[in-house]
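Residue-level listing of the chains:
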Amino acid sequence: MTSSKEVKLKHRAPVFHVIVVGAGATGSNLLPSLMQFLNSTKDNLITIIDADRYEAHNKLNQKCTDEDIISGKSKAQIMAEVYQELYPSLNINYLSEYIDSVEQLFNITNKHGLSHNTTTILVSCVDNNNARRIFYETFKSEHSRHLIYIDSGNGTTDRIGQIVVGYKIRKEKYSKN
C-alpha cells in the first residue's frame, strides 16, 4: 500500500524540484541541511520518497525517534511532516513507495505541472543498485531535460562513501565522479 501527500504550490512555478529518494541513513542525515538551505531560497518543490518504516536498529545511524518507530508511518511521511512543521513556507510532499521504473520516476517529475524551465535535482540516498540503475537510466534518457543527478552511498562498517554527480542542461550531459 502506498500513501502520499501532494501539495498545492504556495508560490510561483518552482525553480527546482528536489526529489530525495531514501530517508534512511544517508537521507535522514542530508535532509536537515538541505531543508534549511531550501528554506532560504523559496519557490522550490521538495518530494521525499521512501516506503520503508523506521525500526529500532535504525536509531544507530538514522534521524528517528521511538515515536517514529511505533507510528507505522513511512520514513518519507515522517520526514515530510517534520520539515513541513519546521519550514511551513516550503512546498514539501512525500511518496510512500519504492521506485521500480524509469516511467514511474518520470511520472513523479512531471505530475506537478512544472515549468519547462524547472530543474529537477534527483538525490539518490538508496541502498540498492536496482534503484540506482533506474536513476541512471532516467538521467541518460532523451526525455529528461534540466536534471541534476546526485548519487550518494556509504558503507556499513568501514565508514567509506562515494558520490557521483551528473548535470544535464536540455539534452547535454556532464558528469564528474
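Below, the structure is looked at part by part. (Residues numbered from 1 in each chain as written. Predicted model: local features only at pLDDT ≥ 70, side-chain atom pairs only at ≥ 80, totals over all residues. Heavy atoms only, no water.)

**Quick look at the pattern of salt bridges**
Charged atoms that come close allow side chains of opposite charge to pair.
Part 1 of the argument: The full count for this structure, using the stated rule, is 4 salt bridges.
Part 2 of the argument: Close ionic contact of Lys 140 with Glu 137 constitutes a salt bridge, the shortest N to O distance being 3.6 Å. Pair noted here: Lys 140 and Glu 137 are both in helix α5 (residues 129-140), with a separation of 3 residues, about one helical turn.
Part 3 of the argument: Residue classification places Glu 137 among the partly exposed residues on the basis of a relative accessible area of 30%. (Salt bridge = Lys/Arg side-chain N within 4 Å of Asp/Glu carboxyl O. Helix = DSSP H or I, 4+ residues; strand = E, 2+ residues; numbered from the N terminus. Buried < 20%, exposed > 50% of the residue type's maximum accessible area, 1.4 Å probe, protein only.)

**Topic: the environment of Tyr 94**
Part 1 of the argument: Summarising the element assignment, Tyr 94 is placed in strand β4 (residues 91-95).
Part 2 of the argument: Taking the C-alpha atoms as reference, Tyr 94 lies 9.3 Å from Ile 19; in sequence the two are 75 residues apart.

**What about the layout of surface pockets?**
Part 1 of the argument: Of the volumes computed, that of the largest pocket is approximately 830 Å³.
Part 2 of the argument: Around the largest pocket sit 37 residues that line it, and Gly 24, Ala 25, Cys 125, Val 126 and Asp 127 are the ones nearest its centre.
Part 3 of the argument: Examining the composition of the lining of the largest pocket, we find that 4 residues originate from one element, α5, more than from any other.
Part 4 of the argument: In the lining of the largest pocket, the residues fall into 11 nonpolar, 16 polar and 10 charged. (1 Å grid on protein atoms, 1.4 Å probe; cavity = no way out; pocket = protein on both sides within 12 Å on 5 of 7 lines; lining within 4 Å. Points joined across faces, edges and corners; volume = space filled by probe spheres on them. Nonpolar A, V, L, I, M, F, W, Y, C, P; charged D, E, K, R; others polar.)

**Focus on the packing of helix α4 (residues 102-110) against α5**
Part 1 of the argument: The N-to-C vectors of α4 and α5 enclose an angle of 65°; their axes lie 9 Å apart at closest approach. Classified by chirality, the crossing of α5 by α4 is right-handed. Along the contact surface, α4 presents Val 102, Leu 105 and Phe 106, while α5 presents Ile 134, Phe 135, Glu 137 and Thr 138.
Part 2 of the argument: For the contact of α4 with α5, the class distribution of residues is 5 nonpolar, 1 polar and 1 charged. (Axes fitted to C-alpha atoms, helices over the stretch in contact; angles between N-to-C directions. Left-handed = near helix turned anticlockwise from the far one by under 90°. Contact = heavy atoms within 4.5 Å.)

**Looking at the nonpolar core**
Part 1 of the argument: Counting residues in hydrophobic clusters, the biggest one holds 24 residues, and the most contacted among them are Val 18, Leu 31, Met 35, Ile 46, Ile 48, Met 79 and Ile 92.
Part 2 of the argument: Those elements giving two or more residues to this core turn out to be β2 (16-21), α1 (25-41), β3 (44-49), α3 (75-86), β4 and β5 (119-124).
Part 3 of the argument: The element best represented in this core is α3, accounting for 5 residues.
Part 4 of the argument: Filtering out sequence-adjacent residues up to four positions away, Met 79 remains in contact with Ala 23, Ser 28, Leu 31, Ile 48, Tyr 54 and Lys 63.
Part 5 of the argument: One finds Val 21, Ile 49, Val 102 and Leu 105 within the second-largest nonpolar core, a separate group that totals 17 residues. (Core = buried A, V, L, I, M, F, W, Y, C linked by side-chain atoms within 4.5 Å.)

**Focus: the packing of aromatic side chains**
Part 1 of the argument: Applying the stated rule across the entire model yields 2 aromatic pairs.
Part 2 of the argument: Here Phe 135 and Tyr 149 contribute two aromatic rings whose centre-to-centre distance is 6.3 Å and whose plane-to-plane angle is 65°, an arrangement assigned as edge-to-face. Separated by 14 residues along the polypeptide, Phe 135 in helix α5 and Tyr 149 in strand β6 (residues 147-154) bring together distant segments of the chain.
Part 3 of the argument: The class for Phe 135 is buried, based on a relative accessible area of 0%. (Phe/Tyr/Trp six-rings, centres within 6.5 Å; stacked < 30°, edge-to-face > 60°.)

**What about α4?**
Three or four residues apart is the spacing at which side chains of an α-helix point the same way, because the helix has 3.6 residues per turn.
Part 1 of the argument: Every buried residue of α4 is listed here: Val 102, Gln 104, Leu 105, Phe 106, Ile 108 and Thr 109.
Part 2 of the argument: Where the residues of α4 are buried, they touch β2, β3, β4, β5 and α5.

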